[in-house]
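One letter stands for each residue in the lines below.
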Amino acid sequence: MWTYNKILEYPVNIKCTDPRLAKVIISQYGGPDGELAASLRYLSQKFGMPDQNAKAILNDIGTEELAHLEMVGAIVHQLTKNASIEEIEAAGLGPYYTDHGVDVYPQSAAGVPFTAAYIACKGDAIANLQEDLAAEQKARATYEKLIDLCRDNPDVLDPLKFLREREIVHFQRFGEALRGVQDKLAEKKFYMNCDNMNK
Ligand SMILES: [Fe+2]
């Protein structure tokens, strides 16, 4: 179960609308390397982990990704909520506005709606954790591209930099989980020889 704190993990207070930025940042809401995919990937994979530490790490990070989803949603919302129709059209958000207004809808920057195909659950703990390590690097790289596109808007840059830092921490923790699972799977198994038992 979860408890909900009525604060964002890191504050988001954007003073100026900028639908151009919202159009690309939404990729971290519902895109292939976004926070929705990350949270569902980890919270689904945790059930199949062979040790408690790996389960706990997936649970912790999956939960934090939900908090990041909320932050990204807040950024997109604040960047668009007071935008004029002219600004929305100039940002190329006319088709989005047609279907969703200025609600926050899970899609990539290219407009592809969220799909569960972004969530890898391979039935193999090592493969899943390797996938998670790559996912964290891809999320970090995406935030770096968004920071490039953001240029000099500190209201948006600060939370994006915070989110980028957290991806690096997650990568390190998944490395710890992978080493633990590898050790667990490498443990030697000892079998009693039944012939000897009867002597
Ligand atoms: Fe992450």
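Conventions and cut-offs
Residues numbered from 1 in each chain as written. Predicted model: local features only at pLDDT ≥ 70, side-chain atom pairs only at ≥ 80, totals over all residues. Helix = DSSP H or I, 4+ residues; strand = E, 2+ residues; numbered from the N terminus. Rg over C-alpha atoms; globule rule 2.2 N^0.38 Å. Buried ≥ 20, exposed ≤ 12 C-beta atoms within 10 Å, placed from the backbone. Contact = placed C-beta atoms within 7 Å. Axes fitted to C-alpha atoms, helices over the stretch in contact; angles between N-to-C directions. Parallel < 35°, antiparallel > 145°, perpendicular 65-115°, else oblique. Left-handed = near helix turned anticlockwise from the far one by under 90°. Nonpolar A, V, L, I, M, F, W, Y, C, P; charged D, E, K, R; others polar. Core = buried A, V, L, I, M, F, W, Y, C linked by C-beta atoms within 7 Å. Expected span 1.5 Å × (residues − 1).

## Looking at the overall build of the chain
Per the secondary structure count, the chain includes nine helices and zero strands. Taken against the 2.2 N^0.38 rule, which gives 16 Å for 199 residues, the C-alpha radius of gyration of the chain at 21 Å runs more than 25% over that of a compact globule. Based on the C-alpha atoms only, the size of the chain along its principal axes is roughly 90 × 30 × 30 Å. Within the chain, the fraction of its 199 residues that count as buried is 33%. The contacts of the chain with a sequence gap of at least 6 include a subset with a gap of at least 24, amounting to 79%.

## What to know about the packing of helix α3 (residues 35–45) against helix α7 (residues 125–150)
At their nearest, the axes of α3 and α7 sit 11 Å apart, and the two run at 160° to each other. When the axis of α3 is compared with that of α7, the two are roughly antiparallel. As α3 packs across α7, the resulting crossing turns out to be left-handed. Contacts between α3 and α7 involve Ala38, Arg41, Tyr42 and Gln45 from the first element and Asn128, Asp132, Ala135 and Ala139 from the second. Considered class by class, the residues forming the contact of α3 with α7 number four nonpolar, two polar and two charged.

## A closer look at the nonpolar core
Burial of nonpolar side chains together is a common tendency in soluble globular proteins. By size, the foremost hydrophobic cluster in this structure holds 35 residues, and its most contacted members are Ile25, Ala54, Val72, Ile75 and Val76. For this core, the secondary-structure elements that each account for two or more residues are α1 (19–25), α3, α4 (52–80), α7 and α8 (154–186). Of the residues forming this core, the biggest block, 10 residues, is contributed by α4. With sequence-adjacent residues up to four places away left out, Ile75 is seen in contact with Val12, Ile14, Ile25, Val156 and Pro159. Membership of the second largest hydrophobic core comes to five residues, among which are Ala83, Ile88, Ala91 and Leu93.

## With respect to the packing of α3 against α4
Running from N to C, α3 and α4 cross one another at 160°; their axes reach a closest spacing of 8 Å. Put simply, α3 runs roughly antiparallel to α4. At the point where α3 passes α4, the crossing takes the left-handed sense. Of the residues in α4, those in contact with Glu35, Leu36, Ala38, Ser39, Tyr42, Leu43 and Gln45 of α3 are Leu58, Ile61, Gly62, Glu65, Leu66, His68, Leu69 and Val72. Partitioned by chemical class, the residues of the contact of α3 with α4 number nine nonpolar, four polar and two charged.

## So, α7
With 26 residues, α7 ought to run about 38 Å at 1.5 Å a step, and its terminal C-alpha atoms sit 37 Å apart, in line with that. Where α7 is concerned, the buried positions are Ala125, Asn128, Leu129, Asp132, Ala135, Glu136, Ala139, Thr142, Tyr143 and Leu146. Turning to α7, the residues buried within the fold contact α1, α2 (27–30), α3, α4 and α8. Remark: Arg151 follows α7 within two positions and exhibits a positive phi of approximately 55°.

## Focus on the environment of Ser108
Structurally, the position occupied by Ser108 is in the loop between α6 (94–100) and α7. Since 20 C-beta atoms lie within 10 Å of it, Ser108 is described here as buried. On a C-alpha basis, the gap between Ser108 and Ile26 in space is 6.3 Å, while along the polypeptide they are 82 residues apart. Once you skip the residues sitting within four places of it in the chain, Ser108 turns out to touch Ser27, Gly30, Gly31 and Pro32.

## Quick notes on the environment of Val12
Looking at the secondary structure, you find Val12 in the segment before α1. Judged by C-beta crowding, with 21 C-beta atoms within 10 Å, Val12 ranks as buried. Each residue touching Val12, except ones within four places of it in the same chain, is listed here: Met71, Ala74, Ile75, Gln78 and Pro159.

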